[in-house]
Amino acid sequence: AWEADHAKWEQERAVAQAQYERRQAEIQAQQAKAVEVARKHEAQAKEAAALKHQVHELRQANGAMSSRLAKFSDHNRKLLDVATLFT
């Protein structure tokens, strides 16, 4: 009887151990996936920060170019006005 009980206990222990090991493997896989997702998010955040900086620089450049265009347009208008006087 003891041997049968012991054999049954060993079998149950082996099943429990296998379940435990499967669960640990699942946990490790989930943790690895979480780390991968966190790294992707971190990379995306860095890229977003760089793009935000680039957009800021482009807006500044656009403002400067718009100012120059207005200045040249005004100068061009004045030249056309002078040319009109001589025609």
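To start, this report covers the structure provided alongside it. (Residues numbered from 1 in each chain as written. Predicted model: local features only at pLDDT ≥ 70, side-chain atom pairs only at ≥ 80, totals over all residues. Heavy atoms only, no water.)

Points about the pattern of salt bridges
Next, step 1: Using the criterion set out here, one finds eight salt bridges in the structure.
Next, step 2: The salt bridge partner of R77 is D74, with a shortest N-O separation of 2.7 Å. Of this pair, R77 and D74 both sit in helix α1 (residues 2-85), three residues apart, which is roughly one turn of the helix.
Next, step 3: Overall, R77 belongs to the partly exposed group, its relative accessible area being 43%.
Next, step 4: In this structure, a network of salt bridges that share partners links the residues D74, R77, K78 and D81. (Salt bridge = Lys/Arg side-chain N within 4 Å of Asp/Glu carboxyl O. Helix = DSSP H or I, 4+ residues; strand = E, 2+ residues; numbered from the N terminus. Buried < 20%, exposed > 50% of the residue type's maximum accessible area, 1.4 Å probe, protein only.)

Remarks on a nonpolar patch on the surface
Next, step 1: A cluster of nonpolar side chains, contributed by V82, L85 and F86, occupies part of the molecular surface with about 380 Å² of accessible area.
Next, step 2: With respect to the secondary-structure elements, L85 resides in helix α1.
Next, step 3: According to the relative accessible area criterion, L85 is exposed, its value standing at 70%. (Patch = residues over 30% accessible without salt bridge, like charges linked within 9 Å, V, L, I, M, F, W, Y side chains within 5 Å. Areas by Shrake-Rupley, 256 points an atom, 1.4 Å probe, with all protein chains shown as cover.)

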